[in-house]
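Chain by chain, the residues:
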Amino acid sequence: MPDKEHQGKIKWYDAKKAFGFMISEDGSDIFFHWKSVADLTPEQLVTELPVAFTLIKGRNDRVEALRVSPAKAPMINQPTDLLATIMGRNKNDYNVSLLAQLMAGLYPIKDETSYAMAIELLAYADTTGLAREVKQHCFKIANDRYRLKFWLNGIIEYCDLGYLARTFEKAPPAHQQQIAERLSTYSLNRTPIPPKVLFEKIQAQLLTEIAAAKHHIRIAVAWFTHQLQFNALIAKLKEGVQVELVIINDYINNWEFGLPFKDFVEAGGQLYLTGPERVMHHKFCLIDAKVLCNGSYNWTYYAEERNQENCMFFYGEENLIRQFNEAFEKLIHEMEPVKDILPPPFPPERYDLFSRRMYQSIDLQYKAQSKPAGERQQAVRLLREAVTLYPENIQAKTLIDQWVPSDESTLKAQAVAQTTSAIQQQIVQAQQVATTPVTTATTPVTQPPQRTVSDLQARLVVAESLQHRNYEGQRGKLRINLVWNTFDDLDLHVLLPDNQEISYSTKKVTCQGFIGQLDLDANAGTPRIQNPQENIYWDTGLPVGTYKVSVVHYAQQELARVPFAVSIIPESGEATLLTGIVEFSSTHKATVEVAELSYAANGLTVKSLLA
């Protein structure tokens, strides 16, 4: 005899075989035949369709559905009018409080009714800013079946892999296909992946696991300074992967030479900074709730290059991964993601916690060593900072001696050799272009030599002349020097980050507390010389920002077109030598923009503006 009316949803229906299965409120699979269906067409019997039915024992005592019809009250997919009205009339603070109370009352999720209630709460989560909390809460209080359902329907990005594997093995082909599509790839003959324990090449394995992430990465690591892992996380954020990161808020992680965590936050990463009261000393990473990386390994150059470390990699260990997820939740429970990244004003006693001066110094040294040859100037700056932090860092001092010439004449010789070689190659190329036959409609002719070749030869002469000349004036933290080989009056101009200008008219300028000055001004009057120089330098420090260097042909005494060379020599790093030609004009100020300089915490960069 049929019993009372039940509620459920269609699991699947095969029109050719005229039968299918539905899921009851308690999660049971119930068989039904087309003959038992009322008020529905075969086309309407789609997966997830809410239905009402009664139960009866069929053949072989199998429980079957009888009188299958559309559900009288559809299972909740959208917020109810009452809740919509209440939340629509109140401010977000009240709605957040209300949603939190409703979440507390939603326990456990073990049937279709409680699942539908959870979906309703999730419909409001985005509007209140509690989406992540609601999802995590629902996952915690759901049984295995509904955890899988949350994941399978794309509501939650993670699931219990052990339960997923067991379900897959027992599921009918249609359900297996649904799971396989959600996973993208899945093997029927999947075997458990054994844990890995690494004592070397840890970084390579970490980067491999991060690259494979599809949905969610959670990291709790005491210290994080290595650029490679940082770049990998930024790449994942750009792919839409959610990344959460907890690190210690100290001078190792959060300072001017550290990683640009502002970029991480702006890319959508959630960053949590812990204080020194209870030192967060974890070093673990969770990937898609299926991979756990845990060990002694900090994500630093120090750990990668110097220490003896270990890291264990676990795959599909659901209970273990769940415990680490819960530990991560406890870490961030009373914290808010960081929005503005600013180095904190640490007192001196905090600076030396855990011998951090030595730690930072050696970490900076390895960071400097990882820089490519083209960034040698920035690398030397890092090494100098390493020695300042920890004067006993002998290796950093040795590298500075190797990478920075001991005298300015060596710097000049290197710059002259590099520049003259480049100009000679340009001359060869220009000469080839100048002598290339050009065919006309009648006879082939040869193009006349272009002034480009003569200009390049003139620039080569002035560059080579530096081989036999010494720079005059002061060097300081930065020297910008102009040389030419005529009696004409050329002027060196430098536009500062605050738009003040150093030149013959304003020889000393203070910008951001640092003084820059012109200490050589040649051929402005008599006596004039044929090997003049002008020189601008900064003695104690450099303003942060962008500079522009230009040369002006102020007064013609010998030539209208004057070749010149500008040398840019920082305190540390390589010198830059740029050559050009400035042409006098009687109608306007004849100016050639030579270079754009950018100075920041990572050093000085030089960009040529010459053709």
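Residues numbered from 1 in each chain as written. Predicted model: local features only at pLDDT ≥ 70, side-chain atom pairs only at ≥ 80, totals over all residues. Heavy atoms only, no water.

A. How the structure looks around the sheet that holds strand E18 (residues 508-511). The six strands are arranged E18-E19-E20-E15-E22-E23 in an open sheet whose pairing can be described as antiparallel. Among the strands making up the open sheet, the edge pair consists of E18 and strand E23 (576-583). For this sheet, the mean angle separating the axes of adjacent strands, direction not counted, is 15 degrees. Relative to strand E19 (residues 514-520), E18 runs antiparallel, the two being bridged by four bridges. Bridged to Thr510 within E19 is Ile515. (Pairing = 2+ DSSP bridges. Helix = DSSP H or I, 4+ residues; strand = E, 2+ residues; numbered from the N terminus. Axes fitted to C-alpha atoms, helices over the stretch in contact; angles between N-to-C directions.)

B. Spatial organisation of the confidence of the model for the protein. Predicted confidence across the protein gives a mean pLDDT of 83, with 88% of residues reaching 70 or more. Element-level mean pLDDT values for the protein span from 42 in strand E14 (residues 444-446) up to 97 in strand E17 (residues 501-502). The model gives residues 73-80 a pLDDT under 50, and that stretch makes 16 contacts with residues more than four places away or in other chains. In the predicted structure, residues 439-450 sits below a pLDDT of 50 and forms 14 contacts with residues beyond four places in sequence or in another chain. (pLDDT = per-residue confidence, 0-100. Contact = heavy atoms within 4.5 Å.)

C. Geometry of the nonpolar core. One finds Ile217, Phe224, Phe264 and Trp299 to be the most contacted residues of the largest nonpolar core, which totals 35 residues. When contributions to this core are tallied by element, the ones reaching two or more residues are helix H8 (202-211), strand E7 (216-221), helix H9 (227-238), strand E8 (242-248), helix H10 (261-266), strand E10 (283-287), strand E11 (291-295) and strand E12 (311-315). By residue number, the principal contributor to this core is H9, which donates five residues. In this structure, Phe224 is in contact with Gln229, Phe230, Leu233, Leu245, Ile247, Asn253, Leu259, Phe261, Trp299 and Thr300, ignoring residues within four places of it in sequence. Core analysis: the next-biggest nonpolar cluster, separate from the first, contains 32 residues, Ile480, Tyr547, Val551 and Val566 among them. (Core = buried A, V, L, I, M, F, W, Y, C linked by side-chain atoms within 4.5 Å. Buried < 20%, exposed > 50% of the residue type's maximum accessible area, 1.4 Å probe, protein only.)

D. Spotlight on the side chain of Glu329. Relative to the assigned elements, Glu329 resides in helix H12 (residues 318-332). Taking the relative accessible area as the measure of exposure, Glu329 reaches 13% and is therefore buried. Dropping the residues within four chain positions of it, Glu329 is found in contact with Gln136, Lys140 and Arg218.

E. Geometry of the sheet that holds E7. With mixed pairing, the seven strands of this open sheet are ordered in space as E6-E12-E11-E10-E7-E8-E9. For this open sheet the edge positions go to strand E6 (196-198) and strand E9 (270-274), each flanked by a neighbour on one side alone. In this sheet, neighbouring strand axes are inclined to one another by 10 degrees on average, regardless of whether the strands run parallel or antiparallel. Where E10 meets E11, four bridges bridge the pair, whose relative direction is antiparallel. Paired with Phe284 across the strands is Asn294, a residue of E11.

F. Main features of a nonpolar patch on the surface. Taken together, Leu82, Ile86 and Tyr94 make up a surface patch of nonpolar side chains, about 300 Å² in accessible area. Here Tyr94 shows up in helix H2 (residues 92-104). Overall, the relative accessible area of 42% leaves Tyr94 in the partly exposed class. (Patch = residues over 30% accessible without salt bridge, like charges linked within 9 Å, V, L, I, M, F, W, Y side chains within 5 Å. Areas by Shrake-Rupley, 256 points an atom, 1.4 Å probe, with all protein chains shown as cover. Salt bridge = Lys/Arg side-chain N within 4 Å of Asp/Glu carboxyl O.)

G. A look at empty space enclosed by the protein. A complete count under the given rule lists two cavities of 30 Å³ or more for this structure. Volume-wise, the largest cavity comes out at about 60 Å³. Together, Thr225, Ile252, Trp255, Phe257, Gly258, Gln360, Asp363, Leu364 and Lys367 line the largest cavity. Residue composition of the lining of the largest cavity, grouped by class: four nonpolar, three polar and two charged. Quantified by volume, the second largest cavity comes out at close to 50 Å³. (1 Å grid on protein atoms, 1.4 Å probe; cavity = no way out; pocket = protein on both sides within 12 Å on 5 of 7 lines; lining within 4 Å. Points joined across faces, edges and corners; volume = space filled by probe spheres on them. Nonpolar A, V, L, I, M, F, W, Y, C, P; charged D, E, K, R; others polar.)

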